[in-house]
Amino acid sequence: MIETNLLQVQKRIQEACRRAGRNPAEVTLIAVSKTQPLSKLMEAYEAGVRDFGENKVQEILAKAPAMPEDARFHMIGHLQRNKVRPTLKHAGLIHAVDSVRLAEQIQADAKRGQLCVDILLEVNVAGEESKYGFAPDEIPDAVQQISRFPNTRICGLMTIAPFVENSEENRPIFRNLQQLSVDIKGKNIDNVSMGVLSMGMTGDFEVAIEEGATMIRVGTGIFGTR
Ligand SMILES: *Cc1c(COP(=O)(O)O)cnc(C)c1O
């Protein structure tokens, strides 16, 4: 079941890449395994998945140590400052940094643990009240401030697009995030790279890939409905 779903998703990634004239190797598929038991993660692992996305620190702490060494965990959910320290041990990339205060906490805990932590800044492109993230016009200033943190490295941007019936409706959202990333890159800020664009989920990842996504986060499409 998971293997079949995965093959389908991979085929759709390849087709979207072909339409966009992109190399599929540029797109990392993150299997969003939140709420799924370890047995399902192992099934995905056996089918070739190495990148897993979780949105709760508790789940990462329970699952990461039980998985093979080369499984990578991405923290894709809202992170509270008091949960940063345990997260750093197990999450390779923190996708949803949504305030300078959170980045400060990551810096402090990273320094204490003598780590360098890769992060993405979450952008609330659509300006949805219910969502976390920086407003697009807050990003340049936030990037400048966070770029000075020696143990924290900004690797790109992330967004959670609105839930829509027709994925085309999210194309302008993805395009805006990509443009913002190009703008920041053009500033050539030390300690900041814009190599990662984390955008696109089960319902809209093809459009996201066409607009430049380098990481897509797919849960339902791989594991079925939660
Ligand atoms: C749950 C979740 C996903 C995956 O959603 P699906 O629609 O199941 O693919 C992606 N990103 C984030 C941040 C999530 O919380």
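Before going further, it helps to spend a moment on the overall build of the chain. Assigned secondary structure in the chain consists of nine helices and eight strands. The C-alpha atoms of the chain give a radius of gyration of 17 Å, which matches the 17 Å a tight globule of 226 residues would have. By principal-axis analysis of the C-alpha atoms, the chain measures approximately 45 × 40 × 30 Å. Looking at the chain as a whole, 50% of its 226 residues are labelled buried. Counted over contacts in the chain with a minimum sequence separation of 6, partners at least 24 positions apart contribute 58%. Accessible area of the chain: about 11,000 Å², with a carbon and sulfur share of 47%. Here the chain carries 27 positive and 29 negative side-chain charges, and the mean point of each set is 4 Å from the other.

The tally for this structure, following the rule as stated, stands at zero disulfides. No disulfide involves C155; its sulfur sits 8.1 Å from the nearest other cysteine sulfur, which is in C116.

Our next topic: the nonpolar core. Core analysis: the largest hydrophobic core is formed by 65 residues, its most contacted members being F52 and L121. Considering each element in turn, this core owes the most residues, six residues, to helix α1 (residues 2-20). Ignoring anything within four residues of it in the chain, the contact list for L121 reads H95, V97, F134, I139, V143, I146, I154, G156, L157 and M158.

The subject of this paragraph is the site of the ligand. Around the ligand, the surrounding shell consists of V32, K34, I76, I160, M201, T202, R217, V218, G219, T220 and R226. Interatomic distance of 2.9 Å between a side-chain N/O atom of R217 and a nitrogen atom of the ligand. Between the ligand and the protein, one listed contact pairs an oxygen atom with a side-chain N or O atom of T220 at 2.4 Å.

Right, let's get into helix α7 (residues 171-185). Because each turn of an α-helix spans 3.6 residues, side chains separated by three or four positions end up pointing in the same direction. With 15 residues, α7 extends 21 Å between its outermost C-alpha atoms, agreeing within 8% with the 21 Å of an ideal straight helix rising 1.5 Å per residue. Among the residues of α7, those classed as buried are R171, I173, F174, L177, L180, S181 and I184. Packed against the buried residues of α7 are α6 (139-146), β6 (152-158), β7 (192-198) and α8 (205-210).

So, about the side chain of S198. For S198, the position within the fold is in strand β7. A polar atom in the side chain of S198 sits 3.0 Å from the side chain of H95. Engagement of the side chain of S198 in a polar contact is seen with the side chain of R217, the distance being 2.9 Å.

Residue position: T159 is located in the loop between β6 and α7. Looking at T159, the relative accessible area reads 1%, which means it is buried. Separated by 28 residues in sequence, T159 and K131 place their C-alpha atoms 9.9 Å apart. Not counting residues up to four positions away in its chain, the partners in contact with T159 are V123, V125, I173, F174, L177, S198, M199 and R217.

Procedures and definitions
Residues numbered from 1 in each chain as written. Predicted model: local features only at pLDDT ≥ 70, side-chain atom pairs only at ≥ 80, totals over all residues. Heavy atoms only, no water. Helix = DSSP H or I, 4+ residues; strand = E, 2+ residues; numbered from the N terminus. Rg over C-alpha atoms; globule rule 2.2 N^0.38 Å. Buried < 20%, exposed > 50% of the residue type's maximum accessible area, 1.4 Å probe, protein only. Contact = heavy atoms within 4.5 Å. Areas by Shrake-Rupley, 256 points an atom, 1.4 Å probe, with all protein chains shown as cover. Lys, Arg positive; Asp, Glu negative; His and termini not counted. Charge placed at Lys NZ, Arg CZ, Asp CG, Glu CD. Disulfide = S-S within 2.5 Å. Core = buried A, V, L, I, M, F, W, Y, C linked by side-chain atoms within 4.5 Å. Near = heavy atom within 4 Å. Polar contact = N/O pair within 3.5 Å; in protein donor to acceptor, adjacent residues only side chain to side chain. Expected span 1.5 Å × (residues − 1).

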